[in-house]
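# Secondary and tertiary structure notes
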Amino acid sequence: MSNLEAFGWDEYFMTAWQTIDLPQCIPARVTADFGTSLKVVTPAEKTAVLSGRLLHFAKPEDFPKVGDWVAVQLSGVRDATIEAVLPRRSEIARKAAGNKAQKQIMASNVDIAFVLQALDNDFSPERLQRYLYQLTIGHIEAVLVLNKADKTSNTQPYLDAVAGLTVRTIVASALSGAGVNEIRQAIQTGKTAVLLGSSGVGKSTLTNLLVGEAIQKTQAVRASDDTGQHTTSHRELFVLPNGGLLIDTPGIRELQLWGLEEDLDENFDDIAELASRCKYSNCRHGSEAGCQIQAALHNGKLDPAHYRNYLKMKGELKNQTVKATADAIEKRKAQNKMYKQAERDSHGDDYEL
């Protein structure tokens, strides 16, 4: 299995493998997701599909994703069947699109995530805060990359805007190559990194620079509104010349949060600290006497936009919890109805009185 180490296989996954009672299988890592099939390395490249058991009984969030280590059974020179997914060391999640409270995994077993924001109309500290929340609860190191520095003659206002977020920041330009070496050096041998951000922020161009060849298609953004066009249509993992591993992802228009509202305090520690000093422990931070949050808003120590973003994210996570509870109740009702129908069918004539 020594060759698997080039793809991030280490003692953690070796230990996890011991819990998989599938002697007919070998370990592999998922390196690309094409929707109907996956690409895995064993370390030879194989096209893989899910086993019938995994496909029908696993939850959607437990399906193998790019970065996962899996147990595969080989069924020929080229084909492989995924029988199980090893426990993940980390994951990047979001709420899936739609009305249901469904978790969606974007990438797994990631050590460091580079969140790209272009220094044009894409720049948004509020959106960055959403990424930082998801990475924090996923136990993944975050690095902010202020890309397309060639778009502005003064990067300081952008740096000032994110100074309070206590996140490592790299100013880069995929066009000139500035900052690329700093990003490359942050991806250690055997460690897995991921590029995150909106369409058009330069993820594919940066991937090509880091890999050292044009493996990802790139397109210019529309000059009228700096809007990027989707050039990456799937997630894929690449091995870098220095032995690091990199996952490129499609652009994300909107990162819908997934998690618990109490986890927000770690990312909004300034607000949590103010709330802890309110006169009343049950302060709602409105018109109550001794509210330190309202005092900070009035004296300019707390940015109103920062606080509004906090309230927005908190409301989303609270609504998600309510929705998840309602969905669980509906699912339980449907299961009970199905069980009762099955019981009536099994008794047959006993119910025909």
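Computed from a predicted model, the values in this text were never measured in an experiment. (Residues numbered from 1 in each chain as written. Predicted model: local features only at pLDDT ≥ 70, side-chain atom pairs only at ≥ 80, totals over all residues. Heavy atoms only, no water.)

## Concerning the pattern of salt bridges
It is possible for side chains bearing opposite charge to pair when their charged atoms get close. What counts is decided by this rule: A pairing counts as a salt bridge when a side-chain nitrogen of Lys or Arg comes within 4 Å of a carboxyl oxygen of Asp or Glu. Here a helix means four or more residues in a row that DSSP labels H or I, a strand means two or more in a row labelled E, and each is numbered from the N terminus. Three labels apply to residues, based on accessible area from a 1.4 Å probe with only protein chains included: buried if under 20% of the type maximum, exposed if over 50%, partly exposed otherwise in between.
A full pass over the atoms with the stated rule returns eleven salt bridges. Between Lys103 and Glu91 there is a salt bridge, with its nearest N and O atoms 2.5 Å apart. Residue Lys103 is located in strand S7 (residues 103–108), and its partner Glu91 is located in strand S6 (residues 91–95); the two are separated by twelve residues in the primary sequence. The partner of Arg277 in a salt bridge is Glu273, and the shortest N-O contact between them spans 2.9 Å. The class for Arg277 is partly exposed, based on a relative accessible area of 43%. Each of Asp68, Arg88, Glu91 and Lys103 takes part in salt bridges that share partners, so that together they form one network.

## A word on the packing of aromatic side chains
Convention followed: Pairs were defined over the aromatic rings of Phe, Tyr and Trp, the Trp ring being its six-membered one, requiring ring centres within 6.5 Å. Orientation was assigned from the angle between planes: stacked under 30 degrees, edge-to-face over 60, tilted for the rest.
Per the stated rule, a full pass over the model turns up seven aromatic pairs. Arranged with centres 4.9 Å apart and planes meeting at 70°, the rings of Trp9 and Trp69 form a pair that is edge-to-face. Placement of Trp9 in the segment before helix H1 (11–17) and of Trp69 in strand S4 (residues 69–74) is noted, with a sequence separation of 60 residues between them. By the burial criterion, Trp9 is buried, and Trp69 matches it.

## Regarding the side chain of Thr31
Heads up, the condition is: Every residue pair with non-hydrogen atoms within 4.5 Å of one another is taken to be in contact.
For Thr31, the location among the structural elements is in strand S1 (residues 26–33). Aside from chain neighbours lying at most four places away, what touches Thr31 is Lys39, Val40, Val41, Val66, Arg235, Glu236 and Leu237.

## Observations regarding the nonpolar core
Note the cut-off: To form a nonpolar core, buried Ala, Val, Leu, Ile, Met, Phe, Trp, Tyr and Cys residues must be joined to one another through side-chain atoms within 4.5 Å.
Core analysis: the largest hydrophobic core is formed by 53 residues, its most contacted members being Ile82, Leu86, Ile92 and Leu135. Beyond its immediate sequence surroundings of up to four residues, Ile82 is in contact with Leu38, Val40, Ala48, Val49, Leu50, Ser51, Leu54, Pro64, Val70, Ala71 and Val72. The next biggest cluster of nonpolar side chains, apart from the first, holds 21 residues, and it includes Val145, Ile187, Leu195 and Leu246.

## Things to note about a negative patch on the surface
Worth spelling out the cut-off: Like-charged residues within 9 Å of one another, or nonpolar side chains (Val, Leu, Ile, Met, Phe, Trp, Tyr) within 5 Å, are grouped into patches, provided each residue has over 30% relative accessible area and no salt bridge. In these tables, accessible area is a Shrake-Rupley quantity obtained with a 1.4 Å probe, and a residue counts as shielded only by the protein chains included in the view. Here the positive residues are Lys and Arg and the negative ones are Asp and Glu; neither His nor the chain ends is included. Charged groups are reduced to one reference atom each: NZ for lysine, CZ for arginine, CG for aspartic acid, CD for glutamic acid.
On the surface, Glu262, Asp265, Glu266, Asp269 and Asp270 cluster together into a negatively charged patch. Summarising the element assignment, Asp265 is placed in the loop between strand S13 (245–248) and helix H7 (269–276). Classification of Asp265 by relative accessible area gives partly exposed; the value is 37%.

Remember that the coordinates give geometry; whether it matters functionally is a separate question.
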